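Spelled out from the first residue to the last, the chains are:
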Amino acid sequence: MNSSVNSKIDIFYFSCARQAFKESLIALNIKKSECILIPEYICRDLLSSINEVNVKYIFYSVDKKLQPISLPLNKKIKVLLAVNYFGFPQDLAVFEDYCSKNNCTLIEDNAHGFLSCDQTGRELGKRTSIGFTSFRKIFPVYNGSALYINKKIVLNKNI
């Protein structure tokens with residue numbers, strides 16, 4: 001794992017996005033009594049990453065436009081995953097509001113949108129405390145992904 005640093009974000013490189021996601025969960029040091037909130041429409045590889053670190057998860061429902069229908073309240077939820085499906089930016093307002101009210105960390109899954117931006121020009125995968133992207137889903141390369149850690153948050157474990 002390599003890392004490069006700019007003024008606001010640490011970047012760590014992995015072979016696959018699922019590895020970057022797994023490492024972000026390890027870094028957050030989620031306790032056995034806590035869990036992660038994930039969309040019901042999700043890649044099975046991410047489920048594998050969650051299971052490998054032995055973290056419990058709860059699904060939230062999404063509508064036909066892949067927007068959250070509702071985010072369930074549960075004091076055990078410590079992480080919320082927002083997915084930019086197919087490289088289209090997810091509106092983060094509802095996720096950010098949920099996290100601020102429930103003391104959760106928001107992770108942005110941008111596996112399918114490397115180099116994409118939202119309507120304001122912010123690069124997808126870098127709009128939250130933690131985000132990740134995959135190069136190999138966009139470019140014809142064997143592997144490659146990046147985990148973005150915003151330096152403003154404090155992690156319980158160094159990665």
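No experiment lies behind these values; they were computed from the predicted model shown.

Novice: How would you explain the environment of phenylalanine 14 if you had to name every residue and give the values?
Specialist: Secondary-structure assignment places phenylalanine 14 in strand S2 (residues 9-14). The class of phenylalanine 14 is buried, set by a relative accessible area of 14%.

Novice: How would you sum up the pairing of strand S4 (residues 56-60)? Please name residues and give values.
Specialist: Consecutive side chains along a regular strand alternate between the two faces of the sheet. Of the strand pairs in this sheet, strand S3 (residues 35-39) and S4 are connected by 5 bridges, and their pairing is parallel. Paired with leucine 37 across the bridge in S4 is isoleucine 58. Tracing the backbone out of S3, into helix H2 (residues 44-52) and back to the parallel element S4 gives a crossover that is right-handed.

Novice: An account of the nonpolar core is needed here, citing residue identities and associated values.
Specialist: Counting residues in hydrophobic clusters, the biggest one holds 40 residues, and the most contacted among them are Phe21, Leu80, Leu81, Ile107 and Phe132. If one sorts the elements of this core by residue count, strand S5 (residues 77-83) sits on top with 6 residues. Formed by 6 residues, the second largest nonpolar core is a distinct cluster that contains Ile9, Ile11, Phe114 and Ala146.

Novice: I'd like a description of the pattern of salt bridges, backed by residues and values.
Specialist: Counted according to the given criterion, the structure contains 4 salt bridges. Ionic pairing is found between aspartate 97 and lysine 101, a salt bridge with its closest N-O pair at 3.2 Å. Here aspartate 97 and its partner lysine 101 are both found in helix H3 (residues 93-102), 4 residues apart, which amounts to about one turn of the helix. The exposure class assigned to aspartate 97 is partly exposed, which follows from its relative accessible area of 37%. Relative accessible area serves as the criterion here: at 63%, lysine 101 is assigned to the exposed category.

Here is what the cut-offs are and how they apply
- Note that residues are indexed from 1 along each chain, following the sequence as it is written.
- Where totals are concerned, whole chains, interfaces and linings use all residues; where local detail is concerned, this predicted model gives features only for residues with pLDDT of at least 70, and gives and counts side-chain atom pairs only at 80 or more.
- Excluding hydrogens and water, the side-chain values take into account all heavy atoms of the structure.
- Helical segments are the DSSP runs of H or I of at least four residues, strand segments are the runs of E of at least two, and each set is numbered from the N terminus.
- Relative accessibility thresholds used throughout: buried, under 20% of the residue-type maximum; exposed, over 50%; partly exposed, between the two (1.4 Å probe, protein chains only).
- Strands pair, by our definition, only if DSSP identifies at least two bridges between them.
- Orient the strands so they point away from the viewer, and a crossover whose first-strand-to-second-strand path over the helix runs clockwise is right-handed.
- Buried Ala, Val, Leu, Ile, Met, Phe, Trp, Tyr and Cys residues form a nonpolar core when they are joined through side-chain atoms within 4.5 Å.
- For this document, the term salt bridge refers to a Lys or Arg side-chain nitrogen within 4 Å of an Asp or Glu carboxyl oxygen.

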